[in-house]
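The chain contents come next:
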Amino acid sequence: MNRPHRHPFVPYSPPRLPIEHGLDRGRAFHQLLDGRRSVRWFSPDPVPAEAIELAVLAANTAPSGAHQQPWRFAATQDPELKARIREAAEEEERRFYHEREIPEWRAALAPLETDATKEFLDIAPWLVVAFAQKQQDGRKTYYTNESVGIACGFFIAALHSMGLATLTHTPNPMTFLSDLLGRPGERPYILFPVGYPADDCEVPDLRRKPLAEALTFVDGLA
Ligand code: IYR
């Protein structure tokens with residue numbers, strides 16, 4: 001093929017998998033991801049920095065608006081910094097749970113049995129914050145939230161594939177993270193504690209919605 005290009009293009013021809021192998025891999029991939037749960041009880045056991053690097057390398061393969069890759073992950077295992085993050089996060093959470101009177105939230109969150117105590121921010125060996133870059137070199141980025149969200153999905157899946165657990169934690173507001181992690185001008189997007197689940201970890205007994213509620217095949221014009 002000889003299309004005229006004004007910018008560099010390279011061939012892309014990944015090997016075509018026989019569909020039976022493709023479906024086998026799809027089933028195995030679903031089974032892997034179906035074993036993932038959000039964890040709030042972590043083991044303090046250490047996790048090598050390379051695991052964080054590998055998860056961010058996976059995140060860094062995400063598609064993004066205009067290929068601007070508007071994410072930045074800041075990772076720390078420093079106990080003092082983690083303690084400061086916990087302190088600031090719990091301050092926000094106390095306001096959320098005790099001062100703002102939001103009954104709909106209360107009902108929606110009841111099955112998770114969460115409260116303002118965020119011990120996992122001290123105990124998990126790593127805290128990783130995904131930041132969204134609304135601007136790069138003074139220019140606006142496009143589809144910033146979507147792009148960072150997809151990158152975070154890849155990050156979570158990569159951690160799970162390594163046998164590690166995380167939680168999409170979002171104290172609100174979490175601007176304190178930009179200061180504490182030295183990322184001025186970037187918007188904290190998700191705070192991820194990362195580690196192994198504690199030996200006595202429990203998770204809420206939740207069900208995933210059935211495929212029929214997640215997928216509709218549409219045969220023609222409505
Ligand atoms: N940020 C609070 C509340 C909370 C909100 C949602 I949406 C959750 O899925 C879980 C918790 C907290 O972390 O406790």
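Just so it is clear, the model here is predicted, and its values are computed rather than measured. (Residues numbered from 1 in each chain as written. Predicted model: local features only at pLDDT ≥ 70, side-chain atom pairs only at ≥ 80, totals over all residues. Heavy atoms only, no water.)

Chemist: Teacher, can you tell me more about the UniProt feature "domain: Nitroreductase" (unreviewed entry) in the chain here?
Modeler: As recorded in UniProt, the sites labelled "domain: Nitroreductase" (unreviewed entry) are residues 34-196. Across residues 34-196, the secondary structure splits into 41% helix and 17% strand, with the terminal C-alpha atoms separated by 17 Å. (UniProt positions renumbered as here; feature names shortened; annotations may be inferred. Helix = DSSP H or I, 4+ residues; strand = E, 2+ residues; numbered from the N terminus.)

Chemist: Sorry, what's going on with helix 6 (residues 144-161) here?
Modeler: Note that an α-helix has 3.6 residues per turn; residues three or four places apart therefore point the same way. Taking 1.5 Å as the rise per residue, helix 6 with 18 residues should run 26 Å; its terminal C-alpha atoms sit 26 Å apart, in good agreement. The set of residues buried in helix 6 consists of Thr144, Ser147, Val148, Ala151, Cys152, Phe155, Ile156, Ala157, Ala158, Leu159 and His160. Backbone geometry just downstream of helix 6 places Gly163 in the positive-phi region, at approximately 80°. (Expected span 1.5 Å × (residues − 1). Buried < 20%, exposed > 50% of the residue type's maximum accessible area, 1.4 Å probe, protein only.)

Chemist: Help me understand the environment of Ala158 in this model?
Modeler: As for its position among the elements, Ala158 is in helix 6. The spatial distance from the C-alpha of Ala158 to the C-alpha of Val56 is 8.4 Å, given a sequence separation of 102 residues. Setting aside its immediate chain neighbours within four residues, Ala158 contacts Ala55 and Ala58. (Contact = heavy atoms within 4.5 Å.)

Chemist: What is the right way to read the site of the ligand from this model?
Modeler: With respect to spatial proximity, the complete set of residues near the ligand consists of Arg40, Glu93, Phe96, Tyr97, Trp105, Leu109, Leu112, Thr114, Asp115, Lys118, His169 and Thr170. In the environment of the ligand, an oxygen atom lies 2.4 Å from a nitrogen or oxygen atom belonging to the side chain of Tyr97. Interatomic distance of 3.4 Å between a side-chain N/O atom of His169 and an oxygen atom of the ligand. In the complex, the protein chains occlude 71% of the 380 Å² of accessible area that the ligand would expose alone. Mapped by element, the contributors of at least two residues to the shell around the ligand are helix 3 (79-99) and helix 4 (103-109). Looking at the shell around the ligand residue by residue, the class counts come to five nonpolar, three polar and four charged. (Near = heavy atom within 4 Å. Polar contact = N/O pair within 3.5 Å; in protein donor to acceptor, adjacent residues only side chain to side chain. Areas by Shrake-Rupley, 256 points an atom, 1.4 Å probe, with all protein chains shown as cover. Nonpolar A, V, L, I, M, F, W, Y, C, P; charged D, E, K, R; others polar.)

Chemist: Which parts of the structure should I look at to understand the sheet that holds strand 2 (residues 126-132)?
Modeler: Whenever strands of a sheet pair, they do so through backbone hydrogen bonds, lying parallel or antiparallel. Taken in spatial order, the four strands line up as 1-2-6-5 in an open sheet, and their pairing is antiparallel. Across the chains shown, the open sheet's two edge strands, defined by having one partner strand only, are strand 1 (71-76) and strand 5 (165-166). Direction of pairing for strand 1 relative to strand 2: antiparallel, over a ladder of six bridges. Paired with Ala75 across the strands is Val128, a residue of strand 2. Across the face of the sheet, helix 2 (residues 49-59) comes into contact with strand 1, strand 2 and strand 6 (187-195) while running at roughly 170° to strand 1. In the packing of helix 3 onto the sheet, contacts are made with strand 1, strand 2 and strand 6, and the angle to strand 1 comes to roughly 115°. (Pairing = 2+ DSSP bridges. Axes fitted to C-alpha atoms, helices over the stretch in contact; angles between N-to-C directions.)

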